[in-house]
Amino acid sequence: MSVETRTDFPDPIEFFDSYIARSKPVIFKGVAKSFPQYNNLRNDTYLGETYGKWNITYEPNTKELRNKKIKRMSFKKFTQTYSKNKFYMVADIISPNPLENEVSVPKPLLCDDLAGRMETCIMWFSAGGTRSLLHSDSQDNFNCLYDGMKELYIAHPKHEKKYYYRDGSFSIVDMDKVDYQKYPNLLRVPWYYAKMEPGDCLFIPFHWVHHIKSHGPRNFAVNLFWDHLISMPGREKCRAEIKSLGNTGPLTNYKIQDKYERARSQWVSEVFGREKDNMTKDRMCHAIIHSTSQYDISQEQCEKFFNFADQDKDGFVSFDEMYRVDTKYIKPLLHILVGNEEDGEVFTTYEEVDAKAEEAADVEYKKEEL
């Protein structure tokens, strides 16, 4: 099946209602070509000269691995050598990394409930030939391609029992040589296919599984990840701002979301994602207490939380109210998720290269070649 294709950007409310709330992928053809820094991110000489002091991490292979081997060099050197050596770079572009000045946030995300809940921004840079593991993400994400071509195979999370997940989000299947006798359920999945070319942006919904093949001779993409919401608590504020929106906004206008806000979004999606809006006390507490034993919350604690969350005192708690209630009232629940997050993957931090260390690394690299 093919992913829906558009050539225009919707406003944030249309985007939320048509794609996020409906868990529907969509590809926007050619839209990134109008981004202010589009050509800068296609120019290795410019990137190397402007941001060359960045001490980057890279992978000396093109296939994504969970036990990957990481090496370091200056960004300038990477731009001069990645093509010949088939190096692969994946890095967070967040403050204080100066490269964030080159990243545009597209119109559909220019709202506090979307880019305002950003988890990270990631750059993917290689000579092509890279392949991802079959995996899903616990955020919504928007991938814009500046150079090269990408092929994506994606599928709905309702089929997750057929993906052979190893740790909840990464499949054990080697997508380069699938053994369908060993993994027959993959043949029963209705897969979507998307082909991205320079200037295209693709929305991959929360928890959709995907496998990506990237093609060169140069492949450069930027992903924006943000917390998944099941309602828009700031809808009216966002609506009031729509008329003044441009086609893009600077990434520097947004900060990484607070860890408790991230945990709240995850918690609401996990516990109430299949519930109907406007919950009674009994229904809300049943969902919390029976969703998973890890939360370990009593009926009395749940009822107390309901009274705080029911801000308009109408006897119901809406999804919007769940997002608005002060996190101090649900921190005992969120501590578990915050702890799990801190045990997970860590952002790549920005630091500048040590010239002597890079010279020593060059010597070591030449020894390995011999």
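The coordinates are above.
Keep in mind it's a predicted model, so treat the numbers as computed, not measured. Counting restarts for each chain, with residues numbered from 1 along the sequence as it is written. Two thresholds apply to this predicted model, a pLDDT of at least 70 for residue-level local features and 80 or more for giving and counting side-chain atom pairs, whereas whole-chain, interface and lining totals are computed over all residues. Values shown for side chains rest on all heavy atoms present in the structure; no hydrogens or waters enter the calculation.

Trainee: Would you take a moment to explain the overall build of the protein for this structure?
Mentor: Under the DSSP-based scheme used, a helix requires at least four consecutive residues in state H or I and a strand at least two consecutive residues in state E, with every element numbered from the N terminus. Of the regular secondary structure elements, the protein holds 10 helices and 12 strands. As a reference, a globule follows 2.2 Å times the number of residues to the power 0.38, and the radius of gyration itself is taken over C-alpha atoms. Over its C-alpha trace the protein gives a radius of gyration of 22 Å, about what one expects of a compact globule, namely 21 Å for 370 residues. Each of the three principal axes of the protein carries a C-alpha extent, and together these read 70 × 55 × 45 Å. With 370 residues in all, the protein has 50% of them scored as buried. Note on exposure labels: buried denotes an accessible area under 20% of the residue type's maximum, exposed denotes more than 50%, and partly exposed covers the range between, all computed with a 1.4 Å probe on protein chains only.

Trainee: Just to check I follow, could you spell out the pattern of salt bridges for this structure?
Mentor: Between side chains of opposite charge, a pair can form as their charged atoms come close. Salt bridges, as used here, are contacts in which a Lys or Arg side-chain nitrogen is within 4 Å of a carboxyl oxygen on Asp or Glu. Taken as a whole, this structure holds 20 salt bridges when the rule is applied. As a salt-bridge pair, R6 and D8 come within 2.9 Å of each other at their nearest N and O atoms. By relative accessible area, which is 38% here, D8 ends up partly exposed. Connected through salt bridges with shared partners, the residues R42, D44, D147 and R218 form a single ionic network.

Trainee: Quick question: what am I supposed to make of the packing of helix 5 (residues 259-272) against helix 6 (residues 281-291) here?
Mentor: Two measures define how a pair of helices packs: the angle their axes make with one another and the distance between the axes. One can describe the packing of helix 5 onto helix 6 by two numbers: an axis separation of 9 Å at closest approach and a directional angle of 100°. Put simply, helix 5 runs roughly perpendicular to helix 6. Only M284, A287, I288 and S291 of helix 6 make contact with helix 5, whose side of the interface consists of W267, V271 and F272. Lines fitted to C-alpha atoms define the axes, with helix axes restricted to the stretch in contact, and inter-axis angles between N-to-C directions lie between 0 and 180 degrees. When describing relative orientation, an angle under 35 degrees is termed roughly parallel and one over 145 degrees roughly antiparallel, while 65 to 115 degrees is termed roughly perpendicular and anything else oblique. Any two residues whose heavy atoms approach within 4.5 Å are treated as being in contact.

Trainee: Help me understand the environment of S231, please; the structure alone is not making it clear to me.
Mentor: Counting through the fold element by element, S231 comes out in the loop between strand 11 (209-226) and helix 4 (235-241). Classification of S231 as buried rests on a relative accessible area of 8%. Along the backbone, S231 and M322 are 91 residues apart, and their C-alpha atoms lie at a distance of 9.7 Å. Among residues more than four places away in sequence, those in contact with S231 are F16, F319, D320 and Y323. As used in this structure description, the phrase polar contact means that two N or O atoms lie within 3.5 Å; if the pair is within protein, one of them must be able to donate a hydrogen and the other to accept it, and residues adjacent in sequence are counted only when both atoms belong to side chains. For S231, the side chain forms a polar contact with the side chain of D320, separated by 2.6 Å.

Trainee: Looking at this structure, I do not really get helix 1 (residues 12-20). What am I missing?
Mentor: The α-helix winds at 3.6 residues per turn, so residues separated by three or four positions along the chain end up facing the same way. With seven of nine residues buried, helix 1 is to be regarded as a mostly interior element. Packing partners of the buried residues in helix 1 comprise strand 1 (4-6), strand 2 (26-28), strand 8 (140-155), strand 10 (201-204), strand 11 and helix 4. At the N-terminal end of helix 1, a side-chain oxygen is found 2.9 Å from the backbone nitrogen of I13, two or three residues along, and the residue is D11.

Trainee: Just to check I follow, could you spell out the packing of aromatic side chains for this structure?
Mentor: Two descriptors summarise a pair of aromatic rings, namely the distance from one centre to the other and the angle between the planes of the rings. Between rings of Phe, Tyr and Trp, where Trp is taken as its six-membered ring, a pair exists when centres lie within 6.5 Å; planes separated by under 30 degrees are stacked, by over 60 edge-to-face, and by other angles tilted. Scanning all chains against the criterion turns up 29 aromatic pairs. Their ring planes at 80° and their centres at 6.4 Å tell us that Y46 and Y51 sit as a pair that is edge-to-face. The buried category is assigned to Y51, whose relative accessible area is 9%. Arranged with centres 5.0 Å apart and planes meeting at 65°, the rings of F125 and F220 form a pair that is edge-to-face. Taken together, the residues F125 in strand 7 (residues 118-126) and F220 in strand 11 connect sequence positions 95 residues apart.

Trainee: What exactly am I supposed to notice about the environment of E275 here?
Mentor: Its location among the elements puts E275 in the loop between helix 5 and helix 6. The class of E275 is partly exposed, set by a relative accessible area of 25%. Along the chain, E275 and F220 lie 55 residues apart, while their C-alpha atoms are 39 Å from each other. If we skip the residues at most four places from it in the chain, E275 touches R283, A287 and F319.

Trainee: So what exactly am I meant to see when it comes to helix 3 (residues 75-85) here?
Mentor: When helix 3 is considered as a whole, its buried residues turn out to be F75, F78, T79, T81 and Y82. The elements touched by buried residues of helix 3 are helix 2 (44-51), strand 3 (55-58), strand 4 (71-74), strand 5 (88-92), strand 7 and strand 11. Once helix 3 finishes, K86 follows within two positions and takes phi at roughly 60°, a positive value.

Trainee: Would you explain the nonpolar core in this entry?
Mentor: A general trend in soluble globular proteins is that nonpolar side chains are found buried together. Of all hydrophobic cores here, the largest spans 77 residues; its most connected members are F272 and M284. Among the nonpolar cores identified, the runner-up in size contains 12 residues, and V3, L152, M196 and L202 belong to it. Take the buried Ala, Val, Leu, Ile, Met, Phe, Trp, Tyr and Cys residues and link them wherever side-chain atoms come within 4.5 Å; each set so joined is a nonpolar core.

Trainee: Whenever I open this one, the pairing of strand 7 confuses me. Can you help?
Mentor: Where a strand is regular, its side chains alternate between the two sheet faces. Among the nine residues that make up strand 7, eight are buried, leaving the element largely enclosed by the rest of the structure. Two strands pair when backbone bridges link them, and strand 5 and strand 7 are joined in this way by five bridges, in the antiparallel orientation. Each bridged residue has a counterpart across the sheet, and for Y88 the counterpart in strand 7 is S126. Judged from the eight bridges that link them, strand 7 and strand 11 form a sheet pairing that is antiparallel. Pairing of M123 across the sheet is with V222, part of strand 11. Note on pairing: DSSP must find at least two bridges between two strands before they are called paired.

Trainee: Which parts of the structure should I look at to understand unusual backbone geometry?
Mentor: In terms of backbone geometry, most residues other than glycine have negative phi values and most peptide bonds are trans. A cis geometry characterises the amide bond from S95 onward to P96, with omega recorded as 15°. Phi at K86 is positive, roughly 60°, even though this residue is not glycine. By the element assignment, K86 lies in the loop between helix 3 and strand 5. We classify K86 as partly exposed; its relative accessible area is 45%. Here the phi dihedral of N278 falls at roughly 60°; this positive angle occurs in a residue that is not glycine. Tracing the backbone through its elements, the reader meets N278 in the loop between helix 5 and helix 6. The partly exposed category is assigned to N278, whose relative accessible area is 40%.

Read these as layout, nothing more, since geometry by itself doesn't imply function.
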